[in-house]
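# Geometric and topological summary
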Amino acid sequence: MKVIRVGLWSVWLYGFVLICFSLYTTQRLPPFKDEIQRTSNFNHNGFSHVRNPRITIFSAPVPFAGSARARQSLAIRSWLALSSQITVILFTQNPSAVSFASAFDSRVLIDHSVDFTFLGTPFFHSMMERSLAFSTDISVFINPETILLPDFVCTLNYAYKLDRDWLLVASSQNVSYFPFHLDDSGKHWLRKDGKWIKPQELQEMLTQKWLGNHCDDRMLMAWNSKNVPLHNGVLPPFLYGKGIHNHWVINEAVLSDFRFVFDASSTISSFYLNDEEHKSEKTSSFSDAKNRSWENVGNSHLGATYGLLSFHEINYSSIVKLVKCDGHYLFVDLTEDITYPFMDQGLNLWNRRILHSRRKKKTVACVNHIKSQERVLNCSLRDQLKELAPLEFPFSLESLLSGTADENKTVVLAVAGYSYKDMLMSWVCRLRHLQVTNFLICALDHETYEFSVLQGLPVFHDPSAPSNISFDDCHFGTKCFQRVTKMKSRMVLKILKLGYNVLLSDVDVYWFTNPLPVLRSFGPAVLVAQSDEYNKAGPVNLPRRLNSGFYFAHSDGSTIAALEKVVKHATISGLSEQPSFYDTLCGEGGSNRIGDDRCVEPETNLTVHFLDRNLFPNGAYLDLWQKKNVKNACAKKGCLILHNNWISGRLKKLERQVLSGLWEYDSSKRLCCRGCMVLS
């Protein structure tokens, strides 16, 4: 009995301990409602819910005016309606976009820091580079008129859970009629009669008449923003929305194999209106150039220029497709009839070919249906680039002047040959940073002309320019230098006669700020020029100290008559044009000098004013280029510009400017930057 009694007490004691332990454990478990929430966070594919990703959509709209405003507004509002996690970045310089974005607070931001052509078209490679500055989970590039429906976010949420880096592409549907709009809240789609329509109904309607086209330029691309690049190549300076850049990126991404590339066209409902009026809006404002076809031609030449023809071009039908069958997402290789279900441990397509379509009748039927909708698309880039039309710019000098001159009918003129193309771009980038847009490029050779067209610059080619320009031996004192300088004064004279004021600036002149307000203040019949005098004290108008690489000329009778005399003198001179400027306007030996900073040409009564060297220093004044911090040294002097002259040789000049930090162009990425330390 004693043993039985001890045994019963032991059972009771163990039971009590177990009850206490159970109560303690129960208290440590999450509440039942949390367990329900956790359970609901598992979807039908069997993987746990990951927080909704932050999505940043990048696009570049045209001005918000006319029908374009309505189309773009509807598209952008459709993006914002999908999720509070979506932010929109619009790359544009047009003020109408700022007014539009203000209605959406911080969810729609305007960024004008990318590179644009002089017609206002942004460069795609600059947009891609700029997108890296934004913190986000998923980056999306999309046409500004493409409307999105909720399955877009569902697809991205699914892709975000994939355990590897990926690039998603999807073609958009072209619809000719879309009688639906969003209500004022931006949350509900309405029919024409004002009644609600479910987004699922819209998706079904679009699926029934799928007209997606990989050849179209309105494909969308999305990728998870990790540290792995999209591709191995250097993105050429494509113009945004001109058709080739999307294909180039996809082609390079597949070939580089850095990311898993898949086509989600069948799981994303995206579409745009086929509006003929839209096509007519994409015109130039210049009267003698009624379209921008040169931009499309330019993109084709970019493909050839940067070696696209030599690449192995991928076939879109070979890209793995993301499909949705019976409520489940599946990756399908249509060329091999193999599906790849999601594995919670991570996606490894090439080692997990585990589900053959013959094993599931529903999957077979679904995949066959999707396969029947696939079309053989003849949109080979190789074929597009085989026969290239000559790269022609449809703008005459007169139309460029009318389109680029400022309100005072003033243009900034630069003259450059191909050997100085990188310095030209650094100069252009600096002017863009200062928001100086009234500049023109006179190309000395066809190579510079083509290069400038592809960079989106307002350029013209002077047929009278010397043809035998040396690449490395065209610096001060050479015969090449003499030939080049003489054509600069001829071009300035031509523009003056067309009624425009001209600031002639060599591309080796660094602008700290816009000098035009100061230069204009001297008034008409005054030619203001930089002094090449290097002595720290004394007159700045000594014989042959007029620098013809930086001067401002008004379009008036006195200036034109005086410049005609300079051009005539330079034609018969065995020197460069610089001595012709001084000897003609200031007299040989300085006989026409007045005071320490002026000359007056007696026949035309033109005054020549030599600029203050503290504001407009040449390359030898105060040894500014030798300072440890050139920018700070110039800032203390109040410099408006600094000329990179008084140094012999192109490479030495280039090195000096790059090492000083006064360099604004990254030739390796073909992008404007600030303080670049990149030499080509």
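The shown structure was predicted, so the numbers you read here are calculated from the model rather than taken from an experiment. (Residues numbered from 1 in each chain as written. Predicted model: local features only at pLDDT ≥ 70, side-chain atom pairs only at ≥ 80, totals over all residues. Heavy atoms only, no water.)

### Thoughts on the pairing of strand 2 (residues 86-91)
- Across the 6 residues of strand 2, 5 count as buried, placing the element largely inside the fold.
- Here strand 1 (residues 55-59) runs beside strand 2; their pairing, made up of 5 bridges, is parallel. Across the sheet, residue I55 finds its bridge partner in strand 2, namely I86.
- After leaving strand 1, the chain enters helix 3 (residues 66-80) and then returns to the sheet as strand 2, a path that is right-handed.
- A crossover links strand 2 with its parallel partner strand 3 (residues 108-111), the connecting element being helix 4 (residues 95-101), and its sense is right-handed. (Buried < 20%, exposed > 50% of the residue type's maximum accessible area, 1.4 Å probe, protein only. Helix = DSSP H or I, 4+ residues; strand = E, 2+ residues; numbered from the N terminus. Pairing = 2+ DSSP bridges. Right-handed = clockwise from strand over helix to strand, strands pointing away.)

### A short note on the pattern of salt bridges
- The final tally for this structure, using the stated rule, is 15 salt bridges.
- Of the charged contacts, one joins E145 and R71 as a salt bridge, the two residues approaching to 3.1 Å between their closest N and O atoms. Highlighted residues: E145 in the loop between strand 4 (138-141) and strand 5 (147-148) and R71 in helix 3, separated in sequence by 74 residues.
- Classification of E145 as buried rests on a relative accessible area of 4%.
- The class for R71 is buried, based on a relative accessible area of 7%.
- Here R130 and D111 are joined by a salt bridge, their closest N and O atoms 2.6 Å apart. With R130 in helix 5 (residues 124-131) and D111 in strand 3, this pair connects stretches of sequence that are 19 residues apart.
- Looking at R130, the relative accessible area reads 32%, which means it is partly exposed. (Salt bridge = Lys/Arg side-chain N within 4 Å of Asp/Glu carboxyl O.)

### Comments concerning the sheet that holds strand 19 (residues 439-443)
- Read across the sheet, 9 strands follow the order 20-19-18-21-24-23-27-26-25 without closing on themselves; strand pairing throughout is mixed. Each of the sheet's edge strands pairs with one partner strand only, and the pair in question is strand 20 (459-461) and strand 25 (593-594).
- In the sheet, strand 21 (residues 501-505) pairs with strand 24 (residues 546-553) via 4 bridges, with the strands oriented antiparallel. What sits directly across from V502, in strand 24, is A553.
- The strands touched by helix 14 (residues 421-433) are strand 18 (410-416), strand 19 and strand 21; relative to strand 19, the strand with the most contacts, the crossing angle is about 170 degrees. (Contact = heavy atoms within 4.5 Å. Axes fitted to C-alpha atoms, helices over the stretch in contact; angles between N-to-C directions.)

### Describing the sheet that holds strand 13 (residues 270-273)
- With mixed pairing, the 3 strands of this open sheet are ordered in space as 5-13-7. Unpaired on one side and paired on the other, strand 5 and strand 7 (173-175) mark the two borders of the sheet.
- Of the pairings in the sheet, the one linking strand 7 to strand 13 comprises 3 bridges and is parallel in character. Looking at strand 13, one finds that N174 is bridged to Y272.

### Details of helix 18 (residues 557-572)
- Across its 16 residues, helix 18 extends 24 Å between first and last C-alpha, which sits within 8% of the 22 Å expected from 1.5 Å per residue.
- Listing the buried residues of helix 18 in full gives T559, I560, A562, L563, V566, V567 and A570. Across the axial projection of helix 18, the buried residues extend over an arc of 165 degrees, all falling on one side. Of the exposed residues in helix 18, the ones pointing more than 90 degrees away from its buried face are G557, K568, T571 and I572.
- A side-chain oxygen of the first residue of helix 18 lies 3.3 Å from the backbone nitrogen of S558; this N-cap is D556. (Expected span 1.5 Å × (residues − 1). Arc of directions from axis to C-beta. Polar contact = N/O pair within 3.5 Å; in protein donor to acceptor, adjacent residues only side chain to side chain.)

### A closer look at the state of the cysteines
- In total, this model carries 2 disulfides according to the counting rule given.
- A sulfur-sulfur distance of 2.0 Å marks the disulfide that ties C429 to C672. Taking the torsion about the S-S bond as the criterion, the C429 to C672 disulfide, at about -80 degrees, is left-handed. Of this pair, C429 sits in helix 14 while C672 is found in strand 30 (residues 671-672), placing the two residues 243 residues apart along the sequence.
- Across the disulfide, C586 is cross-linked to C599 (sulfur-sulfur distance 2.1 Å). (Disulfide = S-S within 2.5 Å.)

### A short note on the packing of aromatic side chains
- A full pass over the atoms with the stated rule returns 23 aromatic pairs.
- Relative to F91, the ring of F58 has its centre 5.9 Å away and its plane inclined at 10 degrees; by these criteria the two rings are stacked. Of this pair, F58 sits in strand 1 while F91 sits in strand 2, and the two are 33 residues apart along the sequence.
- Overall, the relative accessible area of 0% leaves F58 in the buried class.
- Here W427 and W511 contribute two aromatic rings whose centre-to-centre distance is 6.3 Å and whose plane-to-plane angle is 90 degrees, an arrangement assigned as edge-to-face. Of the two residues, W427 is situated in helix 14 and W511 in strand 22 (residues 509-511); the sequence distance between them amounts to 84 residues.
- Given the relative accessible area of 3%, W427 is considered buried.
- The class for W511 is buried, based on a relative accessible area of 0%. (Phe/Tyr/Trp six-rings, centres within 6.5 Å; stacked < 30°, edge-to-face > 60°.)

### Some words on the nonpolar core
- Grouped together as the largest cluster of nonpolar side chains are 49 residues, with contacts concentrated most on I57, F152, W166, L168, W189 and F262.
- Not counting residues up to four positions away in its chain, the partners in contact with L168 are T155, L156, L220, M221, A222, F262, A264 and I268. (Core = buried A, V, L, I, M, F, W, Y, C linked by side-chain atoms within 4.5 Å.)

### Looking at the side chain of S265
- Looking at the element boundaries, S265 is found in the loop between strand 12 (260-263) and strand 13.
- At 2.9 Å, the side chain of S265 and the backbone nitrogen of S171 are in polar contact.

### A word on the packing of helix 18 against helix 19 (residues 577-585)
- Where helix 18 contacts helix 19, the axes come no closer than 9 Å and their chain directions differ by 130 degrees. Accordingly, the angle class assigned to the pair helix 18 and helix 19 is oblique. The handedness of the crossing between helix 18 and helix 19 is right-handed. For the pair helix 18 and helix 19, contact is made by A562, L563, K565, V566, H569 and A570 and by E577, S580, F581, D583, T584 and L585, respectively. (Parallel < 35°, antiparallel > 145°, perpendicular 65-115°, else oblique. Left-handed = near helix turned anticlockwise from the far one by under 90°.)

### Quick word on the confidence of the model for the protein
- Averaged over every residue, the pLDDT of the protein is 81; the share at 70 or more is 73%.
- Residue range residues 30-49 is modelled with pLDDT below 50. Its contacts to residues more than four positions away, or to other chains, number 18 contacts.
- Low confidence marks residues 343-355, where pLDDT is under 50. Its contacts with residues over four positions away, or in another chain, come to 29 contacts. (pLDDT = per-residue confidence, 0-100.)

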